[in-house]
Amino acid sequence: MQTQTINNEIHETLENIYEFIKNNEKISGDFTEYTKTLGIYGASENKIREHALTYIFERAIPDFEQNPIMIYNETKSTDLSKAMEKAFTSIFEIKRVLKNGFETYNLINEKSYILNITTKMTDYRGLGTGQFIVARVFEFNGENYIIEITSYLQSSQKEDAMRYAMAKIIQEPYLVYEDNELKEKEIQENIKSMYDKFMEAFGTDEIITSSQFADDIIGQFNDYCENKTSINIKDKITLPETLEYFEVNELNTDYDNFVEKSLDGFSSHKKNYDTGIIYDKNYGLYVIPFYKTISTILEQNSLDNIKGAKECVEHFIKSPTIPPNILEKLNPKFTELANKVLNKNMTFDEMMREYKPEYLRHKIYSQTTILYNSKVFTNTLGIVTEKEEHSDIDYSNVKRNDPCPCGSGKKYKHCCMK
């Protein structure tokens, strides 16, 4: 299909979807509320259109398990609109500028892409090799097309680009492997290998301890995997004096400081709480705060004996960080008590469809597993670790051509001065 023809069809399809969301009785009211939330209700058509793409592809419409483009495709689908339904947003490093697009490298899934533009190349004047673009793209008939570029970073902002990539991985972990079969195979093989080692090291796939010792146990497991060092966690299997549920502020990290918080670990948290270290042979390693608390609440089948019991059940059903496979381990008691808390009468599957829809649309491995298999995470972790190691060095009187005080052997101007 000729470039101009496909570009015209893409724009026509997006225009059709836009008109649909404005006029369809099923979702037009929600779109109006969306514009009010953004403060653009009553604004110019062009202003509203600027935000329409985010609504079309990302809006989780209340009372529906679909986004607007899925609803559009129920009645008006074309091959092109069905392809657009699988569009994703990622950050790409531009490797080469082409006649009608860019040769790029996706920082998140570690795969190369030729991205075709759908407007004039002059619209992207100023973008060049080494820069990073945040783009929404989709694949159609073996070609990848840019729907929109939402932002870009200069080549000197590589660390910022890597942090953005990490934020997307935390938010949408499936982006690491859904469009990269080799990456998913690597993750699956790693999960199987690590599961065997976990069972070999601990003799169980479930360890209950406190947040105070979770880092030590995981650290011992890492050492065991690398060097077959002996495991001794008897003095690490301990619980807080009282089981209770409360909000852990340190777990509510924003994406900008995720790496730093990861380095601090669970033991740095001000309040101690019970923690489950669970290895799922299909999905990987999980560290689940309050796992003993929720298990005890379910065993007692009561919301009266443990402080914060109701909030604990709500957390496990509503939190996007608690996957269905963990809840399955707690079933059928979990479904029974969750219905009591929610004042509903749902099956487990119905609960998952309402509260964990992302896990039904995507196969999502554990966050720990995905991050440890991500080059952008390990590289960013290395940068932050190096910065922390050098944070106490005095650079105030160092000249450009002096040896760098960090001990790298390089001149200061070629090392930490950067």
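Look a little higher up for the structure.
Overview of the structure.

Parameters at a glance
- Residues numbered from 1 in each chain as written.
- Predicted model: local features only at pLDDT ≥ 70, side-chain atom pairs only at ≥ 80, totals over all residues.
- Heavy atoms only, no water.
- Phe/Tyr/Trp six-rings, centres within 6.5 Å; stacked < 30°, edge-to-face > 60°.
- Helix = DSSP H or I, 4+ residues; strand = E, 2+ residues; numbered from the N terminus.
- Buried < 20%, exposed > 50% of the residue type's maximum accessible area, 1.4 Å probe, protein only.
- Polar contact = N/O pair within 3.5 Å; in protein donor to acceptor, adjacent residues only side chain to side chain.
- Contact = heavy atoms within 4.5 Å.
- Expected span 1.5 Å × (residues − 1).
- Arc of directions from axis to C-beta.
- Core = buried A, V, L, I, M, F, W, Y, C linked by side-chain atoms within 4.5 Å.
- Salt bridge = Lys/Arg side-chain N within 4 Å of Asp/Glu carboxyl O.
- Pairing = 2+ DSSP bridges.
- Axes fitted to C-alpha atoms, helices over the stretch in contact; angles between N-to-C directions.
- Parallel < 35°, antiparallel > 145°, perpendicular 65-115°, else oblique.
- Nonpolar A, V, L, I, M, F, W, Y, C, P; charged D, E, K, R; others polar.

**Re the packing of aromatic side chains**
For step 1, the next point in the chain: Using the criterion set out here, one finds 21 aromatic pairs in the structure.
For step 2, the next point in the chain: Centre to centre, the rings of Tyr-273 and Phe-290 are 5.1 Å apart; their planes meet at 25°, and the pair counts as stacked. Residue Tyr-273 is located in the loop between helix 9 (258–264) and strand 7 (274–280), and its partner Phe-290 is located in the loop between strand 8 (284–289) and helix 10 (291–300); the two are separated by 17 residues in the primary sequence. Accessibility assignment for this pair places Tyr-273 and Phe-290 in one class, buried.

**Digging into the side chain of Asn-109**
For step 1, the next point in the chain: With respect to the helices, strands and loops of the structure, Asn-109 is situated in the loop between strand 2 (101–106) and strand 3 (111–116).
For step 2, the next point in the chain: Within polar-contact distance, the side chain of Asn-109 engages the backbone nitrogen of Lys-111 at 3.2 Å.
For step 3, the next point in the chain: Dropping the residues within four chain positions of it, Asn-109 is found in contact with Leu-175, Val-176, Asp-179 and Asn-180.

**Some details on helix 7 (residues 181–202)**
For step 1, the next point in the chain: Over its 22 residues, helix 7 runs 31 Å from end to end, which matches the ideal 32 Å to within 8%, given 1.5 Å per residue.
For step 2, the next point in the chain: When helix 7 is considered as a whole, its buried residues turn out to be Lys-183, Glu-184, Ile-187, Ile-191, Met-194, Tyr-195, Phe-198, Ala-201 and Phe-202. Down the axis of helix 7, the sector holding all buried residues measures 130°, keeping them to one side. Facing away from the buried surface of helix 7 by more than 90 degrees, the exposed residues are Glu-181, Leu-182 and Lys-192.
For step 3, the next point in the chain: With its phi angle positive at about 75°, Gly-203 sits one or two positions after the end of helix 7.

**Remarks on the nonpolar core**
For step 1, the next point in the chain: One finds Ile-91, Ile-294, Phe-316, Leu-327 and Phe-334 to be the most contacted residues of the largest nonpolar core, which totals 87 residues.
For step 2, the next point in the chain: When residues no more than four places from it in sequence are discounted, the contact partners of Ile-294 are Cys-312, Val-313, Phe-316, Leu-330 and Phe-334.
For step 3, the next point in the chain: The next biggest cluster of nonpolar side chains, apart from the first, holds 29 residues, and it includes Phe-20, Phe-57, Phe-138 and Tyr-145.

**Points about the pattern of salt bridges**
Two side chains bearing opposite charge may form a pair once their charged atoms approach each other closely.
For step 1, the next point in the chain: Overall, the coordinates contain 23 salt bridges when judged by the stated rule.
For step 2, the next point in the chain: Glu-45 is the partner of Arg-49 in a salt bridge, and the nearest nitrogen-oxygen pair spans 3.9 Å. Of this pair, Arg-49 and Glu-45 both sit in helix 3 (residues 45–58), four residues apart, which is roughly one turn of the helix.
For step 3, the next point in the chain: Given a relative accessible area of 31%, Arg-49 falls into the partly exposed group.
For step 4, the next point in the chain: Owing to a relative accessible area of 36%, Glu-45 belongs among the partly exposed residues under this scheme.
For step 5, the next point in the chain: The partner of Glu-148 in a salt bridge is Arg-136, with the nearest N and O atoms 2.9 Å apart. Separated by twelve residues along the polypeptide, Glu-148 in strand 5 (residues 143–153) and Arg-136 in strand 4 (residues 132–140) bring together distant segments of the chain.

**So, the sheet that holds strand 6 (residues 206–210)**
For step 1, the next point in the chain: Ordered by their spatial adjacency, three strands build an open sheet running 6-7-8, and the pairing between neighbours is antiparallel. The open sheet terminates on both sides in strands that have one partner only, identified here as strand 6 and strand 8. Ignoring strand direction, the axes of neighbouring strands in this sheet form an average angle of 20°.
For step 2, the next point in the chain: Pairing geometry for strand 7 and strand 8, over six bridges, is antiparallel.

**A short note on the packing of helix 1 (residues 3–23) against helix 3**
For step 1, the next point in the chain: Following both chains from N to C, one finds helix 1 and helix 3 inclined at 95°, their axes separated by 10 Å at the closest point. Viewed along their axes, helix 1 and helix 3 adopt a mutual orientation that is roughly perpendicular. Only Glu-45, Ile-48, Arg-49, Ala-52, Leu-53, Tyr-55, Ile-56 and Phe-57 of helix 3 make contact with helix 1, whose side of the interface consists of Leu-14, Glu-15, Ile-17, Tyr-18, Glu-19, Ile-21 and Lys-22.
For step 2, the next point in the chain: Here the residues of the contact of helix 1 with helix 3 are counted per class, giving ten nonpolar, no polar and five charged.

**With respect to the pairing of strand 2**
For step 1, the next point in the chain: As judged from the six bridges shared by strand 1 (residues 88–98) and strand 2, these two strands associate in the antiparallel manner. What sits directly across from Ile-94, in strand 2, is Thr-104.
For step 2, the next point in the chain: The pairing of strand 2 with strand 3 spans six bridges and is antiparallel. Following the sheet pairing, Gly-101 is matched in strand 3 by Asn-116.
For step 3, the next point in the chain: The hairpin turn running from strand 2 into strand 3, its antiparallel successor, is four residues long, and Glu-110 in that turn takes a positive phi close to 60°.

**Focus on the environment of Ala-161**
For step 1, the next point in the chain: Mapped onto the elements, Ala-161 comes out in helix 6 (residues 158–171).
For step 2, the next point in the chain: Exposure remark for Ala-161: the relative accessible area of 0% places this residue in the buried category.
For step 3, the next point in the chain: As a C-alpha pair, Ala-161 and Phe-132 span 29 residues in sequence and 7.0 Å in three-dimensional space.
For step 4, the next point in the chain: Setting aside its immediate chain neighbours within four residues, Ala-161 contacts Ile-91, Leu-107, Phe-132 and Leu-153.

**Regarding helix 1**
For step 1, the next point in the chain: Relative to the 30 Å expected for 21 residues at 1.5 Å per residue, helix 1 spans 31 Å between its end C-alpha atoms, a close match to the ideal helical length.
For step 2, the next point in the chain: Among all positions in helix 1, only Ile-6, Asn-7, Ile-10, Thr-13, Leu-14, Ile-17, Tyr-18, Phe-20 and Ile-21 are buried. Around the axis of helix 1, the buried residues are gathered within 160° of arc, so they sit on the same side. Relative to its buried face, helix 1 has exposed residues pointing more than 90 degrees away, namely Gln-4, Glu-12 and Asn-23.

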